[in-house]
Structure formats: C-alpha cells, structure tokens
Amino acid sequence: WSSPDRMTTLATTIVRTNNPARMRKMTSIPSSNTRTILDGSLHSRKMMVLSIRGGSLIINEKASILVKFRNIVQSIIRIGERKAPAAANVVKQFVTIIEAFFGVEILAKQDDDNNDDDGDDDGDDNTRKKATKRKKRRNTNGTKPKPKSKDKVVQETTTTTPIPTRQSSTAKNHLSKSLKTTSPNYRIQRELKQFLSAPPPNLSLKVGKNIRVWIIQLTFPPNTVYHGEKYRLRIQFPQDYPTSPPSVYFLPPTPRHEHVYTNGDICLSLLGNDWRPTMTAQSVAMSILSILSGAPRKSLPMDNVRHSGNKPGGKQDDWVYHDDNC
C-alpha cells in the first residue's frame, strides 16, 4: 500500500463479506474509505481486502486462526520429516494446493525453519562423522569397544565378589594332603578350603600345624558399636565333629556384650542344644559376628561375675538361654 497522502483512489478493490452473494466490485474508492461501509454498518472486522498492487492479504479477525493453522501444519511437517519423510512430502504437496487455491501463505515461515534445521543437521552430521572417526581409530586393532554400562557392571561385581584369603604355608600344607572320606579330618579340610577360597566379609582365618584349631578374626562394619575394634575367636573341633559342636570362645581381650562373658565364653544356643551336623564353623562365626554387629550398646551379662572364673570353651549341654533373639 502507498501512503494516504499520495494515494487518492484504488483502481479495483474486491470486498468479500460473510455472505458470498454480497460481493461488489468498486472503483475509484478514496483511500480514506479503505474500511468499506456496507448497508450502513462498518464491517472492518469481517472483511478481507486484497490489494491488486502488492497482492498482500490483510486479515483482522481471522488472523489468529490462520496463524494457529500454520503452526499446526508446520509442526506436522517437522515431525514427518524426522519420522516419515514420504508422508511429509505428501502433506507439503497438499498444503501447496491449498495455498494456490485460497491465496494464503502457510509454508512461508517453514523455509527459515528448514534453514535452521539444515544447519543443525549439518552440525549433527559433523559430530557423527567425528564419532565414527574415533570409533575407527579405536577399532584399528580389531577389538570392539566395551559399552560403559557393562564396565560399570563389571566393577560392581568385582567389588562384591569375595577376595580369596592369602593362604599361609601351613594352610597350603593342610589343603595339599589327600584325605579319604573316612578320615576324621576330611570334613574339616573341606570347610577350610571353602572358607579360604571365599571368606565371608569381616572374617579372616588363620590355621596352625593342627588343622583342628582355627583362629578367626572379627572386624565390624560402620554404624556398629564395635566399629574399628578387632576380636579373635578360637575354634577347636572335637573328635566326633560334626556330631558334636566345636568349642568356640573369644581370646582376650573380649568384647563387652550381654552374651559374652569376660572369660571368652559365648552364650549361644548353636553351640549347645541347637547344633546340627549340617552346620559349619564358618556359619557359627558368621552368627557371632551378626549378634555383635546388631548390639545397640556395650554391656556385660548379668551373671558374669559367677561365670567369669570358669575355663572357657566347655560344653553347653546344660546351659539355659534366656534371649530368644539370639
């Protein structure tokens, strides 16, 4: 449009109202009357004025609807170009037909967006090319790079897998002997091999020349009242083991616990009436470690004074156990 002072008349103007039958062709309309009055009322909000000079489109009330429609169509085309390019091309052709029929520009802003997208695609292509070059350099020796997820899994499994205890010369000597199943030491040798190959957490084993005497050291995890302290268990296997339970007691210094006497004896039913031949020395040591780790405080047994003078490691056949939680 030209400025009002220079434009006096409009050669040809087409005015379209809501009723298509009421279309008029007007000539020599002053520029001040661009808002055409029909039937005595002003319909500036309900008309579209098409200029023959610039071919521009002025939309007042319907502009927001056209903008929304344009945004929806452009969004559909963008998504289609990523997932279904063929369908996107069909939509573009259909939209082009609509533009030619109605004289409305729908894909006008899409070209700019496509230019931006092309730049992004070029950047993505460059990054992909660099990544492929890096992979080729890593694969020059013919090996495939391991994914990070698997590496993490491997690290976790290695940290949780028990590390075998370094065997002493005496332990190797005991394990190297070929014992028959009828030997009284066959069961003890099998337990020793199992313990040293996969020791439980916070437990370590030492054995001397006598395979029937074990020394197990206990350490305690954080958030326990015994954290940072170390105690030693002495385990001796009787001749009729595993029919009878082993003799188990603490070497000095002993922990302060309500079920551990100062002489080293442990008030534990597994060492008395609840013993079963299917149990092992390792399971007993783990039970004792669990009892101490779960202690809320340090305290001595109520009858410690009466029992503390006895020799430790005796049989518990006539013992009475007051705490069912142990």
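Just above sits the structure.
Residues numbered from 1 in each chain as written. Predicted model: local features only at pLDDT ≥ 70, side-chain atom pairs only at ≥ 80, totals over all residues. Heavy atoms only, no water.

Participant: Would you explain the environment of V248 in this entry?
Facilitator: Mapped onto the elements of the fold, V248 is located in strand β12 (residues 247–250). The spatial distance from the C-alpha of V248 to the C-alpha of F237 is 9.0 Å, given a sequence separation of 11 residues. Apart from residues lying up to four places away in sequence, V248 is in contact with L233, R234, I235, I266, L271, V284 and I288. (Helix = DSSP H or I, 4+ residues; strand = E, 2+ residues; numbered from the N terminus. Contact = heavy atoms within 4.5 Å.)

Participant: Sorry, what's going on with the sheet that holds β12 here?
Facilitator: Remark on secondary structure: sheet strands pair via backbone hydrogen bonds, oriented parallel or antiparallel. With respect to topology, four strands assemble into an open sheet ordered β9-β10-β11-β12, the strand pairing being antiparallel. Strand pairing shows two members of the sheet lacking a second neighbour, β9 (203–207) and β12, which therefore form its edges. Each strand of the sheet is rotated relative to its neighbour by a mean of 25°, with strand direction disregarded. Of the strand pairs in this sheet, β9 and strand β10 (residues 213–219) are connected by five bridges, and their pairing is antiparallel. Looking at β10, one finds that V207 is bridged to W214. Helix α7 (residues 281–293) rests against β9, β10, β11 (230–236) and β12 of the sheet, and its axis sits at about 30° to β10. (Pairing = 2+ DSSP bridges. Axes fitted to C-alpha atoms, helices over the stretch in contact; angles between N-to-C directions.)

Participant: Help me understand the nonpolar core in this model?
Facilitator: The nonpolar side chains of a soluble globular protein tend to be buried, and buried together. W214, I216, L218, L233, F250 and I288 are the most contacted members of the largest nonpolar core, which totals 35 residues. For this core, the elements supplying multiple residues, two or more each, are α6 (186–197), β9, β10, β11, β12 and α7. Discounting residues that sit within four places of it in the chain, L233 has contacts with W214, I215, I216, L218, V248, Y249, F250, I266, A285 and I288. In this structure, V73, I77, V95 and I98 belong to the second largest nonpolar core, which totals eight residues. (Core = buried A, V, L, I, M, F, W, Y, C linked by side-chain atoms within 4.5 Å. Buried < 20%, exposed > 50% of the residue type's maximum accessible area, 1.4 Å probe, protein only.)

Participant: For this particular structure, what's the right way to read unusual backbone geometry?
Facilitator: With omega at 10°, the peptide bond leading from Y241 into P242 counts as cis. Inspection of the secondary structure puts P242 in the loop between β11 and β12. Going from P252 to P253, the amide bond is cis rather than trans, its omega being 0°. For P253, the position within the fold is in the loop between β12 and α7. Look at N202: it is not a glycine, yet its phi comes out positive at around 65°. Take N202: it is sitting in the loop between α6 and β9. With a phi close to 65°, N223 is a non-glycine residue in the positive phi region.

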